[in-house]
Amino acid sequence: MADNASEPAAASKDPSSFLSEIHGAPITVKLNSGVEYKGELQSVDGYMNIALENTEEYVNGQRKNRYGDVFIRGNNVLYISADK
Amino acid sequence: MASQILPLELVDKCVGSKIWVVMKGEKEFSGTLVGFDDYVNMVLEDVTEYDGSGEQVKLKKILLNGNNICMLIPGGFGEENS
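Residues numbered from 1 in each chain as written. Chains lettered and ligands numbered in written order. Predicted model: local features only at pLDDT ≥ 70, side-chain atom pairs only at ≥ 80, totals over all residues. Heavy atoms only, no water.

### Observations regarding the overall build of chain B
From N to C terminus, chain B includes one helix and five strands. Whereas a compact globule of 82 residues would reach a radius of gyration of roughly 12 Å, chain B reaches 13 Å, a difference of no more than 12%. Taken along its principal axes, the extent of the C-alpha atoms in chain B is 45 × 25 × 25 Å. Here the contacts in chain B between residues at least 6 apart in sequence split such that 39% fall between residues at least 24 apart. Carbon and sulfur atoms provide 53% of the accessible area of chain B, an area that totals close to 4,500 Å². Charge separation in chain B, taken as the distance between the mean sites of 7 positive and 13 negative side-chain charges, equals 4 Å. (Helix = DSSP H or I, 4+ residues; strand = E, 2+ residues; numbered from the N terminus. Rg over C-alpha atoms; globule rule 2.2 N^0.38 Å. Contact = heavy atoms within 4.5 Å. Areas by Shrake-Rupley, 256 points an atom, 1.4 Å probe, with all protein chains shown as cover. Lys, Arg positive; Asp, Glu negative; His and termini not counted. Charge placed at Lys NZ, Arg CZ, Asp CG, Glu CD.)

And the structure:
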């Protein structure tokens with residue numbers, strides 16, 4: 001189960017530890033609409049609301065806009081990807 | 001009935017191995033399951049994203065929102081379930 005604390009592999013690599021791992025790092029957020037936002041992850045909450053810094057907006061793989069700070073409402077988020 | 005396996009226990013058995021995620025709509029993901037939570041938000045590694053048009057995108061490590069997940073299949077994309 002997700003709350004199985006006796007499973008070290010799961011306990012140390014669940015979604016919240018992944019988020020703390022990528023805090024401040026460059027990431028890509030893909031929305032359900034297909035639009036992508038690339039920026040530095042400032043914060044995330046339990047709704048997957050996301051605050052990004054130095055953000056670039058990509059529509060169909062082409063950069064459309066640049067923003068200093070953006071807030072993305074969590075219900076639109078498909079995935080958060082670490083840019084490695 | 002006492003020995004019944006809960007659905008999420010089945011998912012937990014897949015941690016560390018390949019899994020195939022079918023979303024609502026056309027999208028699918030295949031990758032190694034790193035972890036998940038009670039909402040079945042999933043951390044996946046060495047991911048391939050398949051959209052409906054046959055295009056594939058490779059991703060190193062992602063947190064996939066559980067909201068639009070429809071089905072999980074142990075093993076990678078297109079593999080027969082053992």
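The rest of the description comes next.
### Some thoughts on the confidence of the model for chain A
When pLDDT is averaged along chain A, the result is 88, and 86% of the positions lie at 70 or above. This stretch, residues 1–11 of chain A, has a pLDDT under 50; its non-local contacts, to residues over four places away or in other chains, come to 14 contacts. (pLDDT = per-residue confidence, 0-100.)

### Concerning the sheet that holds strand E1 (residues 18–23) of chain B
What the ten strands build is an open sheet, ordered E4(A)-E3(A)-E2(A)-E1(A)-E5(A)-E4(B)-E3(B)-E2(B)-E1(B)-E5(B); its pairing is antiparallel. Each edge of the open sheet is held by one strand with a lone partner, namely strand E4 (62–72) of chain A together with strand E5 (69–74) of chain B. The sheet shows a mean angle of 35° between the axes of neighbouring strands, direction not considered. (Pairing = 2+ DSSP bridges. Axes fitted to C-alpha atoms, helices over the stretch in contact; angles between N-to-C directions.)

### Some details on the interface of chain A and chain B
Contact residues are listed per partner, giving 23 residues for chain A and 24 residues for chain B. Between chain A and chain B the total buried area reaches about 2,100 Å² when both faces are included, carbon and sulfur atoms providing 63% of it. There are two salt bridges connecting chain A and chain B. Of the charged contacts, one joins Lys-61 of chain B and Glu-21 of chain A as a salt bridge, the two residues approaching to 2.9 Å between their closest N and O atoms. Summed over the shared surface of chain A and chain B, the number is eight residue pairs in polar contact (both at pLDDT 80 or more). (Buried area = accessible area lost by both parts, 1.4 Å probe. Salt bridge = Lys/Arg side-chain N within 4 Å of Asp/Glu carboxyl O. Polar contact = N/O pair within 3.5 Å; in protein donor to acceptor, adjacent residues only side chain to side chain.)

### A closer look at the pairing of strand E1 (residues 26–31) of chain A
Residue and element names in this part refer to chain A. The element E1 is extensively covered by neighbouring structure, given that five of its six residues are classed as buried. Strand direction decides the pairing type here: E1 and strand E2 (residues 36–44), joined by five bridges, are antiparallel. From the neighbouring strand, Ile-27 faces E2, where its bridge partner is Gly-39. If you look at the hairpin formed by E1 and E2, you'll find four residues sitting between the two strands, and Gly-34 has a positive phi there, around 100°. Of the strand pairs in this sheet, E1 and strand E5 (residues 77–82) are connected by five bridges, and their pairing is antiparallel. In the sheet register, Ile-27 faces E5, and the bridge partner there is Ala-82. (Buried < 20%, exposed > 50% of the residue type's maximum accessible area, 1.4 Å probe, protein only.)

### A few points about the pattern of salt bridges
A full pass over the atoms with the stated rule returns six salt bridges over all chains. A salt bridge links Arg-63 of chain A to Glu-56 of chain A; the nearest nitrogen and oxygen atoms lie 3.6 Å apart. Accessibility expressed as a relative area gives 44% for Arg-63 of chain A, which makes it partly exposed. Taking relative accessible area as the criterion, Glu-56 of chain A reaches 18% and is therefore assigned buried. A salt bridge links Glu-49 of chain B to Lys-27 of chain B; its shortest N-O distance comes to 2.9 Å.

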